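Tertiary structure, described
Listed here are the chains, written in short residue letters.
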Amino acid sequence: SRLRRIGMMLNSSRSQSHLALVDVKGFDPSDVSVIVRDGRVTVSAEHKEEHNTALGKTCNYRKLMKEFSLPPGVDEDEVTYSV
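Residues numbered from 1 in each chain as written. Predicted model: local features only at pLDDT ≥ 70, side-chain atom pairs only at ≥ 80, totals over all residues. Heavy atoms only, no water.

1. Digging into the pairing of strand E3 (residues 56–69)
When strand E2 (residues 40–53) meets E3, the two strands line up antiparallel, connected through 14 bridges. Across the sheet, Ala45 pairs through a bridge with Leu64, a residue of E3. The turn joining E2 and E3, which pair antiparallel and follow one another in sequence, is formed by two residues. (Pairing = 2+ DSSP bridges. Helix = DSSP H or I, 4+ residues; strand = E, 2+ residues; numbered from the N terminus.)

And the structure:
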């Protein structure tokens, strides 16, 4: 369950004082990018699917971007993440 996964993440974290969760359901891990710069964390994901059908081509495109500031005192080099 989702709550169990969150609990496992908290237990495996070196510091349990800060945790941010971003739902990237529907994206492959290779679609997801995390950038930590200038005291901000940016999580983005982009996925494009194209299908040829008898009636023509269809395209499905999804994009997600979440950005947030690091709490005061958090060193950018100490930020870890997993997908």
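Alright, that's what it looks like, and here's the rest.
2. Comments concerning the packing of aromatic side chains
By the definition in use, this model includes zero aromatic pairs. Above the ring of Phe27, the side-chain terminus of Arg62 is found at 5.1 Å from the ring centroid. (Phe/Tyr/Trp six-rings, centres within 6.5 Å; stacked < 30°, edge-to-face > 60°. Lys NZ or Arg CZ within 6 Å of the ring centre and 35° of its normal.)

3. Looking at the nonpolar core
Ranked by size, the top nonpolar core spans nine residues in total: Val24, Phe27, Val32, Val34, Val41, Val43, Ala45, Leu64 and Leu70. Elements supplying a minimum of two residues to this core: strand E1 (32–37) and E2. Sorting elements by how many residues they give to this core places E2 first, with three residues. (Core = buried A, V, L, I, M, F, W, Y, C linked by side-chain atoms within 4.5 Å. Buried < 20%, exposed > 50% of the residue type's maximum accessible area, 1.4 Å probe, protein only.)

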